[in-house]
2 protein chains.
Amino acid sequence: MKSLLIIADGLGGRPTDYKGKTCLEAANTPNLDELARRGSTGLLDSIGPGVRPGSDTAHLSIFGYDPEKVYTGRGVFETLGIGMDVREGDISFRTNFATVDENFILRDRRAGRIQEGQEELEKALQGLKPSQPGVEVLFKTSTEHRGALILRGAELSDHITDADPHKTGVKVTEVKPTTTENSAEKTAEIVNELVKKSHEILKGLPINKEREREGKPPANILLLRGASMKPDVPSIEERYGVKGVAIAAGALYIGVARALGLEFKRAEGVTGRADSPIINKAKLAVRELKGEVDFTFVHMKGTDSCAHDHDAEGKIAFIEKIDEVIKYFLDNLDWDETNVAFTGDHTTPIVYGDHVSDPVPIVFAGPNVVPDEVDEFNERSVLRGGIGRISGQILPILLGYSNRLKKFGT
Amino acid sequence: MKSLLIIADGLGGRPTDYKGKTCLEAANTPNLDELARRGSTGLLDSIGPGVRPGSDTAHLSIFGYDPEKVYTGRGVFETLGIGMDVREGDISFRTNFATVDENFILRDRRAGRIQEGQEELEKALQGLKPSQPGVEVLFKTSTEHRGALILRGAELSDHITDADPHKTGVKVTEVKPTTTENSAEKTAEIVNELVKKSHEILKGLPINKEREREGKPPANILLLRGASMKPDVPSIEERYGVKGVAIAAGALYIGVARALGLEFKRAEGVTGRADSPIINKAKLAVRELKGEVDFTFVHMKGTDSCAHDHDAEGKIAFIEKIDEVIKYFLDNLDWDETNVAFTGDHTTPIVYGDHVSDPVPIVFAGPNVVPDEVDEFNERSVLRGGIGRISGQILPILLGYSNRLKKFGT
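The shown structure was predicted, so the numbers you read here are calculated from the model rather than taken from an experiment.

Caption draft 1: Structural view of the pattern of salt bridges. Inspection of every chain in the model, using the stated rule, returns 56 salt bridges over all chains. B:R152 is paired through a salt bridge with B:D90; the nearest N and O atoms lie 2.8 Å apart. Of the two residues, B:R152 sits in strand β6 (residues 146-152) while B:D90 sits in the loop between α5 (75-81) and β3 (91-100), which places them 62 residues apart along the sequence. For B:D90, a relative accessible area of 1% puts it in the buried group. The residue B:R225 makes a salt bridge to B:D164 at a minimum N-O spacing of 3.7 Å. Remark: B:D164 occurs in the loop between β6 and α7 (182-203) and B:R225 occurs in strand β7 (residues 221-228); sequence separation between them is 61 residues. The same class applies to B:R225 as to B:D164, namely buried. Here the salt bridges do not stand alone but share partners, grouping A:D9, A:K301 and A:D304 into one network.

Caption draft 2: Looking closely at the nonpolar core. Residues and elements named next belong to chain A. Formed by 91 residues in total, the largest nonpolar core has its most connected members in F63, I236, F329 and F342. Of the residues forming this core, the biggest block, nine residues, is contributed by helix α13 (residues 312-332). Other than its neighbours up to four places away in sequence, F342 contacts I6, A8, L11, L32, L35, I322, I326, P361, I362, V363 and F377.

Caption draft 3: Representation of empty space enclosed by the protein. Taken as a whole, this structure holds five cavities of 30 Å³ or more when the rule is applied. In this model, the largest cavity occupies a volume close to 130 Å³. Together, A:G13, A:L43, A:D358, A:P359, A:E379, A:L383, A:R389, B:S40, B:V370, B:G386, B:I387 and B:Y401 line the largest cavity. For the lining of the largest cavity, the residue count by class is six nonpolar, three polar and three charged. Quantified by volume, the second largest cavity comes out at close to 60 Å³. Considering the residues around the second largest cavity, the lining is formed by 15 residues, among which A:D45, A:S46, A:P53, A:S357 and A:D358 are closest to the centre. Here the residues of the lining of the second largest cavity sort into seven nonpolar, five polar and three charged.

Caption draft 4: Layout of the relation of the copies chain A and chain B. Rotating chain A by 121 degrees and translating it 0.1 Å along the rotation axis places it on chain B, where the RMSD comes to 0.2 Å. Given the turn and translation reported, the copies of this chain are related as if by a three-fold rotation axis. Closest approach to the rotation axis within chain A is made by the C-alpha atom of A:G388, at a distance of 3.7 Å.

Caption draft 5: Representation of the state of the cysteines within the structure. Residue and element names in this part refer to chain A. All told, the structure shown has zero disulfides over all chains when counted by the stated rule. Cysteine C306 remains unbridged, with the sulfur of C23 as its closest cysteine sulfur at 8.7 Å. A relative accessible area of 6% means that C306 is categorised as buried.

Caption draft 6: Summary view of the sheet that holds strand β9 (residues 263-265) of chain B. All names here are of chain B. If you walk across this open sheet you meet the eight strands as β9-β8-β10-β1-β11-β12-β2-β13, and the pairing is mixed. Each edge of the open sheet carries a strand with a single partner, namely β9 and β13 (388-391). Shown here is a sheet whose adjacent strand axes are inclined to one another by a mean of 25 degrees, direction ignored. As paired elements, strand β1 (residues 2-8) and strand β10 (residues 295-300) share six bridges and run parallel to each other. Of the residues in β10, the one forming a bridge with I6 is V298.

Caption draft 7: Representation of the pairing of strand β5 (residues 136-141) of chain B. Residues and elements named next belong to chain B. Side chains of β5 alternate between two faces, with V137, F139 and T141 buried and E136, L138 and K140 left unburied. Judged from the six bridges that link them, β5 and β6 form a sheet pairing that is antiparallel. Bridged to K140 within β6 is A148. Two successive antiparallel strands, β5 and β6, enclose a turn made up of four residues, where E144 displays a positive phi of approximately 50 degrees.

Caption draft 8: View of the packing of helix α2 (residues 30-38) of chain A against α13(A). All names here are of chain A. At their nearest, the axes of α2 and α13 sit 7 Å apart, and the two run at 50 degrees to each other. As the angle between them shows, α2 and α13 are arranged oblique. Here α2 contributes P30, N31, L32, E34, L35 and R38 to the contact with α13, which in turn contributes I319, D323, I326, K327 and L330.

Caption draft 9: A look at the interface of chain A and chain B. Opposite the 32 residues of chain A that make contact, chain B presents 24 residues. Roughly 2,100 Å² is buried in total at the junction of chain A and chain B, and carbon and sulfur atoms are behind 56% of that figure. One can count two salt bridges joining chain A with chain B. Here B:E373 makes a salt bridge to A:R384, at a shortest N to O gap of 3.8 Å. Applying the counting criterion to the chain A and chain B interface returns 12 residue pairs in polar contact (both at pLDDT 80 or more). Contributing elements (two or more residues each) for the side of chain A that touches chain B: β3 (52-53), α3 (55-62) and α4 (67-70) of chain A. Considering every element that reaches the side of chain A that touches chain B, the biggest residue donor is α3(A), with three residues. Examined bridge by bridge, β3(A) and strand β14 (residues 407-408) of chain B share two bridges and lie parallel to one another. When the sheet's bridge partners are listed, A:P53 is paired in β14(B) with B:F408.

Caption draft 10: Spatial organisation of the environment of B:T41. Considering the arrangement of structural elements, one finds B:T41 in strand β2 (residues 40-45). For the pair B:T41 and B:D375, spaced 334 residues apart in sequence, the C-alpha separation works out to 9.2 Å.

Caption draft 11: Region of the structure containing the sheet that holds strand β10 (residues 263-265) of chain A. Residues and elements named next belong to chain A. As summarised here, the arrangement of the eight strands in space is β10-β9-β11-β1-β12-β13-β2-β14, forming an open sheet in which the pairing is mixed. Among the strands making up the open sheet, the edge pair consists of β10 and β14 (388-391). Within the sheet, the average angular offset between the axes of one strand and its neighbour, ignoring direction, is 25 degrees. Contacting β2 (40-45), β12 (338-343) and β13 (360-365), α2 runs over the sheet at an angle of about 65 degrees to β13. Where helix α11 (residues 279-290) meets the sheet, its contacts fall on β1 (2-8), β9 (244-247), β10 and β11 (295-300), and the angle it forms with β11 comes to roughly 175 degrees.

Caption draft 12: Region of the structure containing helix α11 (residues 279-290) of chain B. All names here are of chain B. Here α11 is 12 residues long and its end C-alpha atoms lie 17 Å apart, about the 16 Å a rise of 1.5 Å per residue gives. Three or more residues of α11 are buried, namely K281, A282, L284, A285, V286, E288 and L289. Buried positions along α11 lie against β1, β8 (244-247), β9, β10 and α13 (312-332).

Caption draft 13: Structural view of helix α2 (residues 30-38) of chain B. Considered for burial, the residues of α2(B) that qualify are B:N31, B:L32, B:D33, B:L35 and B:A36. Those residues of α2(B) hidden inside the fold are in contact with α1 (23-26), β2, α13, β11 (338-343) and β12 (360-365) of chain B.

Basis of the calculations
- Residues numbered from 1 in each chain as written.
- Chains lettered and ligands numbered in written order.
- Predicted model: local features only at pLDDT ≥ 70, side-chain atom pairs only at ≥ 80, totals over all residues.
- Heavy atoms only, no water.
- Salt bridge = Lys/Arg side-chain N within 4 Å of Asp/Glu carboxyl O.
- Helix = DSSP H or I, 4+ residues; strand = E, 2+ residues; numbered from the N terminus.
- Buried < 20%, exposed > 50% of the residue type's maximum accessible area, 1.4 Å probe, protein only.
- Core = buried A, V, L, I, M, F, W, Y, C linked by side-chain atoms within 4.5 Å.
- Contact = heavy atoms within 4.5 Å.
- 1 Å grid on protein atoms, 1.4 Å probe; cavity = no way out; pocket = protein on both sides within 12 Å on 5 of 7 lines; lining within 4 Å.
- Points joined across faces, edges and corners; volume = space filled by probe spheres on them.
- Nonpolar A, V, L, I, M, F, W, Y, C, P; charged D, E, K, R; others polar.
- Least-squares fit on C-alpha atoms with pLDDT ≥ 70 in both.
- Disulfide = S-S within 2.5 Å.
- Pairing = 2+ DSSP bridges.
- Axes fitted to C-alpha atoms, helices over the stretch in contact; angles between N-to-C directions.
- Parallel < 35°, antiparallel > 145°, perpendicular 65-115°, else oblique.
- Buried area = accessible area lost by both parts, 1.4 Å probe.
- Polar contact = N/O pair within 3.5 Å; in protein donor to acceptor, adjacent residues only side chain to side chain.
- Expected span 1.5 Å × (residues − 1).

Remember that the coordinates give geometry; whether it matters functionally is a separate question.
Now the structure itself:
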């Protein structure tokens, strides 16, 4: 049997979201309700009760990996997510082009969300090298001011702080080791040197001269953060003996999936934003599940983005778009041979506008799921659900329904 | 947002408590029911299913600390609870004045629950010193026969047994090391010496001569038990970034709260007994929550004490007194800005008269809690509740509702 895991990022909400209802309650979702009617519902703490999840740690836990044990930091999901080749011992970073003055005082953390010239900036930074011999730098831009960087060499450490102060008007933060290991001290020194050198390389580039003439903040420094090595984990295939593909658009989710050995497939035209044609993810997932893969992971981001922007109407509209995706699955999946889980990776309420630890509704449906009596899908209705309240482990539970787990004991 | 955690000690009960009902079911609790109607209910295993909790371990777990990892023993909560200054490396003990004959056979474990002379006894024991150089003894009485003692010096260990045999007619127990460390052997020797010396010091005191003349058991020995160092844990403020106060009367609860860095505040006239004016705790809590603290912990003891005494009617009456406290909170809290949890630290059924592992009902209420359909608060009604069954972690869950948790991951 096949398995389909669908995650709507930041799906969960609170009664304060929209006129006394959560966005899921306020949205018109006949197809999610049909999924609930067919299946069994409950509450998911993606990591555990009282733990406030990041998207990366939440996904690890949903895939059955304990983030307390395996999480190394965000950087590696960024480098993997934008398609860089990450090797053992590599230190990965998220980067952003930013704007500083001559005294390294931060003026704009995103260089005015620079839209153009990524190719020129990337090319210029190929000359970025530390004075320390034997250490290689790999850099790649992604969207707008974003990019990722790999330090490759012997005896490097990811136990260092960030260069990004996360606010303007202050100096770029000096990176420091967080342990007393020599490797951490050495890596911190290298990163501080690279940040300074990036300013030397970038400040005189034609694109920045042009931006300054136009009164726009120049992309005159590269800030590094989220230092991390690749998590030392068995792949999903090694662990569960199944082949899976990941269909997502955001680099982070692609990165997590790749770190766990899933093959990434891009659906046509998707952007990771609320206007993304997510129906194409459903079409691709159905095609994949008709092929050789055992399971497919589909990720949709818009719910979380709208909630971060305190945009209840946007989140409701995106949930209704997800409902169309669910309709496509209801109409086109082989329901005799497929078990499905639909949930969020965490709750992002409208008023607070960031992740919270409140559990998120979940539904399992398929031929092997014992249905409960819940026939609506939202934070309130699933309180009566048959799944109860569970912590992470959604992929193994789903593979269990599809008879794809190895036995523990005899 | 603010958070209020209310614990009624030993709240949970069994159908055998009172005419086929638990005490919570038998009690008239319109305000607890209103809290349930507004909020979401469920079952709490304070440590975990099938674990029979002490009050100290249960509270640690409710505050989000794993007692399997951090619990060192009871003594330190007693020394902290009665206001002694506990330093790193100190070994804390609970003590009781007891009565022995000339052969150290225990005649009364509590010296007839001695009511008078605590000052004289405490003063006399300031002369208690081991022959071992460099080890200091600090002793303080609390109520009746109770007190606490600190051993301070280099290379002491809390890995030793108790001097109290917990029954009369037998010799005072020789304290033994429970590990092979030298420090444990040395500490056991010191404690044995101190117990003997306490008899020498106490037996001839005027107060004991007077008691003997009156036919009362003299307080002629000090028994030490519950050896423990301060748990090596980050404070609640370090861990969660919030400032909290504790409002309690029993030394143990004050001690646990202080061990976790909470500031203790005494409500007017409270005693820790069933006749305590607990409404004053509610008034103080509301005042505190209007000030600068992020959260307040309120503890009420009477439910547990009555259950230990097999007194169903007493427990029911105390629950109805708690219901008045809840009414005060319903009327006086800022409910737009406060999330509340109410539960017990464990179940203490009337027939058995001691803590059991049965889960205890819990309710969360506040602006960010998705309400369930339960509108009564007792062991039976919450089985249909939306919180499900959770293990410990009540403070972090509550702080999560109040948007006060740090994110794990990005």
